[in-house]
Amino acid sequence: MRLILLGPPGAGKGTQAQRLVAKHDIIQLSTGDMLRAAVAAGTPVGMQAKEIMASGSLVPDEIVIGIISDRLDQPDMKNGFILDGFPRTVPQAEALDELLKKKHIKLDAVVELRVNESALLQRVESRVAEMRARGEEVRIDDTPEVLTKRLAQYRSMTEPLIHYYSERRKLLTVDGMLTIEQVTREINRILAAIDAADARAAAKKAQAKRARVAKAVKKPAKAAKKASKGAKKAATKVAKPAKGKVARRPVKAAKKVTKKRAKR
Ligand code: ADP
């Protein structure tokens, strides 16, 4: 299963991605997590991304595209993946299409988690409170101000992807306002439907192929039958000429000769 999860910050992409990973034994690729790891490790990419991320802006396309491209080449991707937080711009989506084409990977679906914007700020606030309660480090971009900026970025840069994938008949929208459990169930229902449709398409293709092969086998046999029928017909013509036909000609010819002779 190869999926993209699309939705604004706080839509529940991370939560659902983790559940899908457990159920389908696939890998979650979160560019946000990968970038945070790069920042923590102090890599050149991390140094470049640090300030940008803290402000709520988007890291340049070529950086995230590079990260994803490298990651897709890893052997653990064989079983499938969920992209969470990528693509986030139309150029990223176009680059991903190219990458997948080059690597002969088929994208199964893009699942959009649709949520009311008014709920997002509250969701992120409770996420922050829960993280604090667990003693975890809180993301520096999880403040109301930065969240407002991230939402604005989502609207202008990422939301156009809804149209992009719907045009390519990949988009499936799920109501992200349902409970976590219900959203998971809804996503799994959609994925099962895709699986069933794929199986039906594969069966149809296999049947068409069998029919083609059968026709190809029948054709030469038919042609041979036709040829032998033709040969038989020809042979009959030679062996048994139509009654009178052969006789008539000489008679006619003979008559002509006698007529000519009579004239003389
Ligand atoms: P969110 O909760 O907003 O979905 P993420 O953890 O996915 O947060 O990303 C956090 C930050 O990492 C973003 O605000 C952005 O700066 C950067 N980032 C993550 N993915 C991308 C991407 N595909 N393109 C550009 N920047 C990204």
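Residues numbered from 1 in each chain as written. Predicted model: local features only at pLDDT ≥ 70, side-chain atom pairs only at ≥ 80, totals over all residues. Heavy atoms only, no water.

Chemist: Where do I start with the overall build of the protein chain in this structure?
Modeler: The secondary structure content of the protein chain amounts to 10 helices and five strands. The buried share among the 264 residues of the protein chain stands at 33%. (Helix = DSSP H or I, 4+ residues; strand = E, 2+ residues; numbered from the N terminus. Buried < 20%, exposed > 50% of the residue type's maximum accessible area, 1.4 Å probe, protein only.)

Chemist: So what exactly am I meant to see when it comes to the site of the ligand here?
Modeler: Among the 19 residues in the neighbourhood of the ligand, the closest are listed as T31, R36, S57, G85 and Q92. In the environment of the ligand, a nitrogen atom lies 2.8 Å from a nitrogen or oxygen atom belonging to the side chain of T31. For the ligand, the accessible surface in isolation is 550 Å², of which the surrounding protein chains cover 96%. By residue number, the principal contributor to the shell around the ligand is helix 2 (residues 31–41), which donates four residues. Class assignment for the residues of the shell around the ligand results in seven nonpolar, five polar and seven charged. (Near = heavy atom within 4 Å. Polar contact = N/O pair within 3.5 Å; in protein donor to acceptor, adjacent residues only side chain to side chain. Areas by Shrake-Rupley, 256 points an atom, 1.4 Å probe, with all protein chains shown as cover. Nonpolar A, V, L, I, M, F, W, Y, C, P; charged D, E, K, R; others polar.)

Chemist: Honestly, the sheet that holds strand 2 (residues 27–30) in this entry has me stumped. Any pointers?
Modeler: The pairing of strands in a sheet happens through backbone hydrogen bonds and is either parallel or antiparallel. Taking strand neighbours across the sheet as the criterion, the five strands line up as 2-3-1-4-5 in an open arrangement whose pairing is parallel. Among the strands making up the open sheet, the edge pair consists of strand 2 and strand 5 (171–175). Neighbour-to-neighbour, the strand axes of this sheet turn through a mean angle of 25°, independent of strand direction. As judged from the four bridges shared by strand 2 and strand 3 (residues 81–84), these two strands associate in the parallel manner. Bridge pairing links L29 to L83 in strand 3. (Pairing = 2+ DSSP bridges. Axes fitted to C-alpha atoms, helices over the stretch in contact; angles between N-to-C directions.)

Chemist: Explanation requested: the packing of aromatic side chains in the structure shown.
Modeler: What describes a pair of aromatic rings is the distance from one ring centre to the other and the angle between the planes of the rings. Taken as a whole and assessed by the stated rule, the structure comprises one aromatic pair. Ring centres of Y164 and Y165 lie 5.0 Å apart, and the angle between their planes is 85°; on these two criteria the pair is classed as edge-to-face. Classification of Y164 by relative accessible area gives buried; the value is 7%. The ring centre of Y164 lies 3.6 Å from the NZ or CZ of R168, which sits over that ring. (Phe/Tyr/Trp six-rings, centres within 6.5 Å; stacked < 30°, edge-to-face > 60°. Lys NZ or Arg CZ within 6 Å of the ring centre and 35° of its normal.)

Chemist: Please clarify how the environment of K23 should be interpreted in this entry.
Modeler: In this fold, K23 is placed in helix 1 (residues 13–24). For K23, a relative accessible area of 54% puts it in the exposed group. Along the primary structure K23 and N188 are separated by 165 residues, whereas in three dimensions their C-alpha atoms are 9.2 Å apart.

Chemist: I keep staring at the pattern of salt bridges and nothing clicks. Help me out?
Modeler: Should their charged atoms come close, side chains of opposite charge can pair. Evaluated as defined, the whole model comprises 16 salt bridges. Here R139 and D141 are joined by a salt bridge, their closest N and O atoms 2.9 Å apart. The residue R189 makes a salt bridge to E186 at a minimum N-O spacing of 2.7 Å. Within this pair, R189 and its partner E186 are both found in helix 9 (residues 180–239), separated by three residues, close to a single helical turn. Looking at E186, the relative accessible area reads 25%, which means it is partly exposed. A cluster of three or more residues bridged by salt bridges with shared partners is formed by R127, R139, D141, D142 and R150. (Salt bridge = Lys/Arg side-chain N within 4 Å of Asp/Glu carboxyl O.)

Chemist: What exactly am I supposed to notice about the packing of helix 6 (residues 117–133) against helix 7 (residues 144–158) here?
Modeler: Describing two packed helices takes the angle between their axes plus the distance from one axis to the other. At a closest axis distance of 11 Å, the pairing of helix 6 and helix 7 adopts a crossing angle of 135°. Considered as vectors, helix 6 and helix 7 are oriented oblique to each other. Classified by chirality, the crossing of helix 7 by helix 6 is right-handed. Residue-level inspection shows E117, L120, L121, V124, E125 and R127 of helix 6 in contact with helix 7, the latter providing P144, L147, R150, L151 and R155. Classifying every residue of the contact of helix 6 with helix 7 by side-chain character gives six nonpolar, no polar and five charged. (Parallel < 35°, antiparallel > 145°, perpendicular 65-115°, else oblique. Left-handed = near helix turned anticlockwise from the far one by under 90°. Contact = heavy atoms within 4.5 Å.)

Chemist: Would you mind going over the side chain of D142 with me for this structure?
Modeler: Considering the arrangement of structural elements, one finds D142 in the loop between helix 6 and helix 7. Those residues within four positions of D142 in sequence are excluded, and the remaining contacts are V124, R127, V128 and R150.

Chemist: Sorry if this is basic, but what is going on with helix 2 here?
Modeler: Along helix 2, the positions that sit buried rather than exposed are T31, G32, M34, L35 and A38. Buried residues in helix 2, looked at end-on, bunch into an arc of 165°, giving them a common side. Seen from the buried face of helix 2, the exposed residues on the opposite side, beyond 90 degrees, are A40 and A41. In the core, the buried residues of helix 2 are packed alongside strand 2, helix 3 (44–55), helix 4 (61–72) and strand 3. Of the residues flanking the end of helix 2, it is G42, one or two places downstream, whose phi is positive at about 70°. (Arc of directions from axis to C-beta.)

Chemist: Is there a simple way to explain the nonpolar core in this structure?
Modeler: Nonpolar side chains tend toward joint burial in soluble globular proteins. Membership of the largest hydrophobic core comes to 31 residues, with the highest contact counts inside it found for L35, I68, L72, L83, L96 and Y165. In contact with L35, not counting residues within four places along its chain, are V45, A49, M53, V59, I63, V64 and I67. The next biggest cluster of nonpolar side chains, apart from the first, holds 20 residues, and it includes L3, L113, L120 and I187. (Core = buried A, V, L, I, M, F, W, Y, C linked by side-chain atoms within 4.5 Å.)

These results come straight from atomic positions and should not be treated as a statement about function.
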